[in-house]
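Coordinate analysis (summary)
One letter stands for each residue in the lines below.
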Amino acid sequence: MIQYSLKCSRDHTFDSWFQSAAAYDKLASAGMVTCVVCGDAQVDKAIMTPRVRPARNAQTTEPQSKQVDVATPSPDIEKVLSDLRRKVEENSDYVGKDFAKEARKIHLGDAPERAIYGEAKPDEAKALIEDGVPVSPLPFLPTRKTN
């Protein structure tokens, strides 16, 4: 299989997979490759960067600039998140799924002012923000207590 970046005569760009380069040539010459946006049959290959993987036995060299793998958190990030979680849990009240209701009460003065954390549905969080209630998402899920 081969993936090509394609471009129609109306400047729409899109990607498509073909069984081989010859299969693309055959389909394109028959007018069977069309733009996914406008249906134009005048489609050409666009400039693209190749995906080249090193051989399995190739030795890797250390890159000149350090690249960060965002999929695997570094120990420093894990420690910062752990410290943040500890501080939030020590200095705030967990209100669970009643977060939106409780945050609104505090904002309106119907409940005593205090730091809280909990869970809210996306539409509840959006409504709080739109109403000027100062809320912020946390970069971790609350620890749920189960029976």
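For every chain, the first residue of the written sequence is number 1, and numbering continues from 1 along that sequence. Note on the predicted model: pLDDT of at least 70 is required for a residue's local features to be given, and 80 or more for side-chain atom pairs to be given and counted; whole-chain, interface and lining totals, by contrast, use all residues. The basis for the side-chain values is all heavy atoms of the structure; hydrogens and waters are excluded.

1. Focus: the overall build of the protein chain
Quick note on the threshold: The helix count covers DSSP runs of H or I at least four residues long, the strand count covers runs of E at least two residues long, and both are numbered beginning at the N terminus. For each residue, the accessible area found with a 1.4 Å probe, counting protein chains only, is set against the maximum for its type, and the residue is called buried under 20%, exposed over 50%, and partly exposed in between. Surface accessibility in these figures is a Shrake-Rupley result with a 1.4 Å probe; residues are shielded only by whichever protein chains are displayed.
Counting secondary structure elements, the protein chain contains four helices and five strands. Of the regular secondary structure in the protein chain, the N- to C-terminal order runs β-β-α-β-α-β-α-β-α. When each of the 147 residues of the protein chain is scored for burial, the buried share is 20%. With an accessible surface of roughly 12200 Å², the protein chain has 52% of that area assigned to carbon and sulfur atoms.

2. Remarks on the sheet that holds strand S2 (residues 13-18)
Note the threshold: The pairing criterion is simple: DSSP has to find at least two bridges between the two strands. Axis definition: a line fit to C-alpha positions, over the contact stretch in the case of helices; interaxial angles, taken between N-to-C directions, run 0 to 180 degrees.
Spatial strand order, S2-S1-S3: three strands in an open sheet with antiparallel pairing. The sheet is open, and its two borders are formed by S2 and strand S3 (43-45), each paired with just one other strand. Between one strand axis and the next, the sheet turns through 40° on average, direction left out of account.

3. Brief notes about the environment of Leu128
One can find Leu128 in helix H4 (residues 122-130). Taking the relative accessible area as the measure of exposure, Leu128 reaches 1% and is therefore buried. Linking Leu128 and Lys101, residues 27 residues apart in sequence, is a C-alpha distance of 9.4 Å.

4. A look at unusual backbone geometry
One non-glycine residue, Asp11, adopts positive backbone phi at about 70°. Tracing the backbone shows Asp11 in the loop between strand S1 (2-8) and S2.

5. Some thoughts on the packing of helix H3 (residues 99-108) against H4
Let me state the cut-off plainly: Note on terminology: angles under 35 degrees are roughly parallel, angles over 145 are roughly antiparallel, angles of 65 to 115 are roughly perpendicular, and the others are oblique. Each crossing gets its hand from how the near helix is turned against the far one by less than a right angle, where anticlockwise is left-handed and clockwise is right-handed. Whether two residues touch is decided by their heavy atoms; if any such pair falls within 4.5 Å, the residues are in contact. Each residue receives one of three labels: charged for Asp, Glu, Lys and Arg, nonpolar for Ala, Val, Leu, Ile, Met, Phe, Trp, Tyr, Cys and Pro, and polar for the others, Gly being one of them.
Contact geometry of H3 with H4 gives a least axis separation of 10 Å together with a crossing angle of 15°. If you check the angle between H3 and H4, you find them roughly parallel. Regarding H3 and H4, the two cross each other, and that crossing is left-handed. The residues of H4 that touch H3, namely those facing Phe99, Ala100, Ala103 and Arg104, are Glu124, Ala127 and Leu128. Among the residues forming the contact of H3 with H4, the class breakdown is five nonpolar, no polar and two charged.

6. Side note on the pairing of S1
Taken across its seven residues, S1 has five buried, putting it largely inside the fold. Relative to S2, S1 is paired through six bridges, and the arrangement is antiparallel. The residue of S2 that forms the bridge with Lys7 is Thr13.

7. Points about the confidence of the model for the protein chain
Detailed conclusions should not be drawn from predicted coordinates in areas where pLDDT is low. Which entries qualify depends on this criterion: pLDDT measures how confident the predictor is about each residue, on a scale from 0 to 100.
Here the protein chain shows a mean pLDDT of 81. Residues at 70 or above account for 80%. Taken element by element, the protein chain is modelled with least confidence in helix H2 (residues 75-91), mean pLDDT 84, and with most confidence in H3, mean pLDDT 94.

8. Quick look at the side chain of Ser5
Put simply, the rule is: Distance and chemistry together define a polar contact, namely a pair of N or O atoms within 3.5 Å, with one atom able to donate a hydrogen and the other to accept it when in protein, and with adjacent residues in sequence counting only for side-chain atoms on both sides.
Within the element layout of this structure, Ser5 appears in strand S1. Among the residues examined, Ser5 registers a relative accessible area of 19% and is labelled buried. Separated by 3.1 Å, the side chains of Ser5 and Asp15 make a polar contact.

9. Description of the packing of aromatic side chains
Rules: Aromatic rings from Phe, Tyr and Trp, taking only the six-membered ring of Trp, are treated as a pair when their centres fall within 6.5 Å; an angle between ring planes under 30 degrees marks them as stacked, one over 60 as edge-to-face, and anything in between as tilted.
Throughout the structure, instances matching the rule amount to four aromatic pairs. Taking the centre distance of 6.0 Å and the plane angle of 45° together, the rings of Tyr4 and Phe18 count as tilted. With Tyr4 in strand S1 and Phe18 in strand S2, this pair connects stretches of sequence that are 14 residues apart. Just as Tyr4 is buried, Phe18 falls in that class too. Here Phe18 and Tyr24 contribute two aromatic rings whose centre-to-centre distance is 5.0 Å and whose plane-to-plane angle is 75°, an arrangement assigned as edge-to-face.

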